[in-house]
Amino acid sequence: MKQIFSGIFESNGKIFTKNLVPGKKVYGEALVVENGLEYREWVPWRSKLCAGIKNSLKNIPLKEGGNVLYLGSAEGTTPSHVSDIIGENGLLFGVDIAEKVMRKFVELCELRKNMLPILADAGKPETYAEELEETKIELLYQDISQKNQAEIFNKNAELFLKKGKFGIIVIKAKSISQSEKPEKIFAEEKKELEKQFNVLQQVNLAPFEKHHCIFLCEKK
Ligand SMILES: C[S@@+](CC[C@H](N)C(=O)[O-])C[C@H]1O[C@@H](n2cnc3c(N)ncnc32)[C@H](O)[C@@H]1O
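What counts as what
- Residues numbered from 1 in each chain as written.
- Predicted model: local features only at pLDDT ≥ 70, side-chain atom pairs only at ≥ 80, totals over all residues.
- Heavy atoms only, no water.
- Helix = DSSP H or I, 4+ residues; strand = E, 2+ residues; numbered from the N terminus.
- Rg over C-alpha atoms; globule rule 2.2 N^0.38 Å.
- Buried < 20%, exposed > 50% of the residue type's maximum accessible area, 1.4 Å probe, protein only.
- Contact = heavy atoms within 4.5 Å.
- Areas by Shrake-Rupley, 256 points an atom, 1.4 Å probe, with all protein chains shown as cover.
- Lys, Arg positive; Asp, Glu negative; His and termini not counted.
- Charge placed at Lys NZ, Arg CZ, Asp CG, Glu CD.
- Pairing = 2+ DSSP bridges.
- Axes fitted to C-alpha atoms, helices over the stretch in contact; angles between N-to-C directions.
- Near = heavy atom within 4 Å.
- Polar contact = N/O pair within 3.5 Å; in protein donor to acceptor, adjacent residues only side chain to side chain.
- Nonpolar A, V, L, I, M, F, W, Y, C, P; charged D, E, K, R; others polar.
- Patch = residues over 30% accessible without salt bridge, like charges linked within 9 Å, V, L, I, M, F, W, Y side chains within 5 Å.
- Salt bridge = Lys/Arg side-chain N within 4 Å of Asp/Glu carboxyl O.

A. Region of interest: the overall build of the protein chain. A tally of helices and strands in the protein chain yields seven helices and twelve strands. Computed over C-alpha atoms, the radius of gyration of the protein chain comes to 16 Å, within 12% of the 17 Å expected from 2.2 N^0.38 for 220 residues, which places it in the range of a compact globule. Across the 220 residues that make up the protein chain, the buried fraction comes to 52%. In the protein chain, 59% of the contacts between residues at least 6 apart in sequence involve partners at least 24 apart. About 10,700 Å² of surface is accessible on the protein chain, with carbon and sulfur atoms providing 47% of the total. Taking the average location of the 33 positive side-chain charges in the protein chain and that of its 31 negative ones, the two points are 5 Å from each other.

Structure, rendered in structure tokens:
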């Protein structure tokens, strides 16, 4: 295993994180033991953050003990790898609007004590501001299919992210328009992000995800 970013490893072209809950898989991923440590394979076809890593994201602003606000946590596939990286001293707040996926996420949070579920609309961050209280967020991550993806991200950044902290957002072009060219949509969303962020990198997620890109940003 070769460490490529803090808490993120590569072996034979595959990406891994150290399993916070040894023996437990989250979504059917492979478990590999090396030198007495158990790693979970991080599958880029199942996780857009991993697809971004495979497609050369230059910085993953996550580390042991970090606090993350994750918008669109769904059943917890990608959040579980973030939970591995931040470890037991970190905290991930997982926000999702859908009760059905949230039920699965709540079960996962019972196993992974560094994740907290929040059933809410990410477009209304003031409704969960109290739950974050004084927690300093190091990374705001968003993966939700809505028409106003960048606007939702900016609203959350305004409330929860300090200058110099990082944001990563996945943009799904087809949620914004079925007819416009994805490249045009990505450019418009980038402009919206630049109201709050310096955009450090834009990475297309093909072949893992069609018509998606991921932006790595730093709060202005
Ligand atoms: C593509 S899935 C996220 C997958 C997850 N990020 C992962 O990699 O494991 C998108 C999620 O966004 C949620 N979502 C959509 N609109 C939302 C909103 N306004 N607020 C919060 N969650 C929302 C959906 O319920 C869905 O679970």
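What follows continues from the structure just given.
B. Fine view of the sheet that holds strand β8 (residues 115-119). With mixed pairing, the seven strands of this open sheet are ordered in space as β8-β7-β6-β9-β10-β12-β11. Two strands bound the open sheet, and with one partner strand each, they are β8 and β11 (197-204). Between one strand axis and the next, the sheet turns by 15 degrees as a mean value, whatever way the strands run. The pairing of strand β10 (residues 166-172) with strand β12 (residues 212-219) spans seven bridges and is classified as antiparallel.

C. Up close: the site of the ligand. The ligand sits among 17 residues. The nearest are Y70, T78, D96, A122 and Q146. T78 places a polar side-chain atom, nitrogen or oxygen, 2.5 Å from an oxygen atom of the ligand. At 2.8 Å from a nitrogen atom of the ligand is found a side-chain nitrogen or oxygen belonging to Q146. Isolated, the ligand exposes 610 Å² of accessible area, and the fraction of that covered by the protein chains is 84%. For the shell around the ligand, the element with the highest residue contribution is helix α2 (residues 77-86), accounting for three residues. Of the residues that constitute the shell around the ligand, the class distribution is nine nonpolar, four polar and four charged.

D. Here's a closer look at the pairing of β12. Most of β12 sits inside the fold, with seven of its eight residues counted as buried. One ladder, built from seven bridges, connects β11 with β12; its direction is antiparallel. Along β12, the bridge assignment pairs V199 with C217.

E. Highlighting a negative patch on the surface. Side chains of E130, E131, E133 and E134 sit close together on the surface and give a patch of like negative charge. In this fold, E131 is placed in helix α4 (residues 129-132). The partly exposed category is assigned to E131, whose relative accessible area is 47%.

F. Representation of the pattern of salt bridges in the model. This model, assessed by the stated rule, comprises eight salt bridges. When the shortest N-O distance is used, the salt bridge between D84 and R40 registers 2.9 Å. Highlighted residues: D84 in helix α2 and R40 in strand β5 (residues 37-42), separated in sequence by 44 residues. On the accessibility criterion, D84 (8% relative accessible area) is buried.

G. Expanded view of the side chain of Q149. Positionally, Q149 belongs in helix α5 (residues 149-160). Here Q149 falls in the buried class, since its relative accessible area comes to 0%. Within the structure, the side chain of Q149 is placed 2.8 Å from the backbone oxygen of Q146, a separation counted as a polar contact.

H. Representation of the environment of G87 within the structure. With respect to the secondary-structure elements, G87 resides in the loop between α2 and β7 (91-96). Note on G87: relative accessible area 5%, which makes it buried. Taking the C-alpha atoms as reference points, G87 and E64, 23 residues apart in sequence, are found 5.5 Å from one another. Setting aside anything within four residues of it in sequence, one finds G87 in contact with L20, E64 and N114.

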